[in-house]
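Examination of the molecular architecture
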Amino acid sequence: MTLHSKAAACAACLLLSSAAGAQSGPERDLPLWEIGLGAAALSTPSYPASSAREHRVLAFPNIVYRGEILRADRSGINARLFRSDRAELDVGFAGALPSDSDEVEERAGMPDLGPLLEFGPRLKLRLADLGNRRRLRLELPLRAVIEARGGLHSRGYTFEPRLAYEMAGERGLWTLETNLSVVLGDRRINRHFYEVAPQYATAARPAYAADSGLLLTRLGLFGSRRIDEDVRLFGYLRVESYRGGANRDSPLHVKDNGVSGGVGVMWTFKRSSRRAGGGETVDPLVQ
């Protein structure tokens, strides 16, 4: 497997981890770690406001770790720096799939867009506990963006304020989350998607210098359903609007909206006997 495809798989797994995870009951009663396998099919625009799409079928490890600091769970891979009843601060990761410019009409002849790895601090605020396993929270992640293409290259920063409403069934039989967010980018990340350097300008694609500002507005829906003790199905849908984007005049800004989605299955075959809260049990509870 090449570096390009390894990075693509890593980015996709980070993306899927946020859609597939589920919690049930107090975390202290859940296993400290779980190991399994997952598979998913997903489809997403090649980049924000693109006319082309990327389709992937992936297999990936399903790893959950509920440590006090290091964590791999429904929020992705992160290191928790601070936690209180109402607030949590961590440093986490996210990712995005690559796209081949030869398969994107508006980018023909331009460099490929490599897979992106995003990392940085995130503040999570619990706004309201609504009872019956429902709650409202606000997330404020600031991410540095790294492109993995012929090496690692800085591609600026993004900020994505997100309001999320989540609910779960008894003992985590099902979970559902809907969220609304806006994605803001500095000039470097917007250049990555929308700038046309003079050497790549054509009669149909004039040169364009990108500005910092709004990338997109996003409405997301994530859900999962446990089939038995070890198998869980999941799916997600994201509807995005690019109408108010800072670079709507770019010739690479082709569409004003886009949809991403995916479905998959997670299989867990091993769990620790130690609880996330530090205790042990002979017969672990199943998430």
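The structure displayed is predicted, hence computed values, not measured ones. (Residues numbered from 1 in each chain as written. Predicted model: local features only at pLDDT ≥ 70, side-chain atom pairs only at ≥ 80, totals over all residues. Heavy atoms only, no water.)

With that settled, consider the overall build of the chain. Helix and strand counts for the chain come out as two helices and 13 strands. Among the 287 residues that make up the chain, the fraction classed as buried is 45%. Sequence-distant contacts in the chain: of pairs separated by 6 or more residues, those separated by 24 or more amount to 64%. For the chain, the computed accessible surface area is about 14000 Å², with 59% contributed by carbon and sulfur atoms. (Helix = DSSP H or I, 4+ residues; strand = E, 2+ residues; numbered from the N terminus. Buried < 20%, exposed > 50% of the residue type's maximum accessible area, 1.4 Å probe, protein only. Contact = heavy atoms within 4.5 Å. Areas by Shrake-Rupley, 256 points an atom, 1.4 Å probe, with all protein chains shown as cover.)

Tyr 47, Phe 193, Tyr 194, Leu 215 and Leu 252 are the most contacted members of the largest nonpolar core, which totals 19 residues. For this core, the secondary structure elements donating two or more residues are α2 (187–194) and β11 (213–226). At three residues, the largest contribution of residues to this core is made by α2. Not counting residues within four places of it along the chain, the set of residues in contact with Leu 215 comprises Val 183, Leu 184, Gly 185, Asn 190, Phe 193, Tyr 194 and Tyr 242. (Core = buried A, V, L, I, M, F, W, Y, C linked by side-chain atoms within 4.5 Å.)

Attention shifts here to the side chain of Arg 143. Assignment of secondary structure puts Arg 143 in strand β7 (residues 134–148). Buried within the structure, Arg 143 lacks any salt-bridge partner; Glu 118 is the closest side chain of opposite charge, at an N-O distance of 5.2 Å. Within the local environment of Arg 143, its side chain forms a polar contact with the backbone oxygen of Gly 92, the two atoms lying 3.4 Å apart. Ignoring any residue separated from it by four or fewer positions in sequence, one finds Arg 143 in contact with Gly 92, Phe 93, Glu 118, Phe 119, Gly 120, Pro 121, Arg 122, Gly 156, Tyr 157 and Thr 158. (Lys, Arg positive; Asp, Glu negative; His and termini not counted. Salt bridge = Lys/Arg side-chain N within 4 Å of Asp/Glu carboxyl O. Polar contact = N/O pair within 3.5 Å; in protein donor to acceptor, adjacent residues only side chain to side chain.)

A word on the pattern of salt bridges. Enumeration according to the criterion identifies 27 salt bridges in this entry. Note that Glu 54 and Arg 56 form a salt bridge whose closest N and O atoms lie 3.4 Å from each other. Residue classification places Arg 56 among the partly exposed positions, given a relative accessible area of 23%. Glu 139 is the salt-bridge partner of Arg 137, the closest N and O atoms lying 2.7 Å from each other.

Let's shift gears to the pairing of strand β13 (residues 257–271). In terms of strand pairing, strand β1 (residues 33–45) meets β13 through 10 bridges, oriented antiparallel. Opposite Glu 34, over in β13, you have Arg 271 as the bridge partner. Summarising the sheet, strand β12 (residues 231–241) and β13 pair through 11 bridges and their orientation is antiparallel. When the bridges of β13 are listed, Val 239 appears paired with Val 259. (Pairing = 2+ DSSP bridges.)

Inspection of the entire model under this criterion finds six aromatic pairs. The interplanar angle of 15° and the centroid separation of 6.4 Å between the aromatic rings of Tyr 47 and Phe 193 together place this pair among those described as stacked. With Tyr 47 in the loop between β1 and β2 (53–66) and Phe 193 in helix α2, the pair connects residues that are 146 residues apart, well separated along the chain. In terms of burial, Tyr 47 and Phe 193 fall into one category: buried. (Phe/Tyr/Trp six-rings, centres within 6.5 Å; stacked < 30°, edge-to-face > 60°.)

Attention now goes to the side chain of Ser 181. On the secondary structure map, Ser 181 appears in strand β10 (residues 174–185). Side-chain polar atoms of Ser 181 contact the side chain of Glu 160, separated by 2.8 Å.

Glancing now at the confidence of the model for the chain. Across the chain, pLDDT averages 87, with 86% of residues at or above 70. Segment residues 281–287 is flagged for pLDDT under 50; beyond a separation of four residues in sequence, or across chains, it makes 23 contacts in the model. (pLDDT = per-residue confidence, 0-100.)

Quick look at unusual backbone geometry now. Of note in the backbone geometry, Ala 49 takes a positive phi value of approximately 75° without being a glycine. Mapping Ala 49 onto the fold places it in the loop between β1 and β2. Positive phi, normally seen in glycine, also occurs at Asn 132, with a value near 55°. Looking at the element boundaries, Asn 132 is found in the loop between β6 (116–129) and β7. Its relative accessible area of 58% is what places Asn 132 among the exposed residues.

With that settled, the discussion passes to the environment of Val 263. Along the polypeptide, Val 263 turns up in strand β13. With a relative accessible area of 55%, Val 263 lands in the exposed category. Placed 223 residues apart in sequence, Val 263 and Ala 40 show a C-alpha to C-alpha distance of 5.6 Å. Discounting chain neighbours no more than four positions away, the residues touching Val 263 are Ala 39, Ala 40, Ala 41, Phe 234 and Gly 235.

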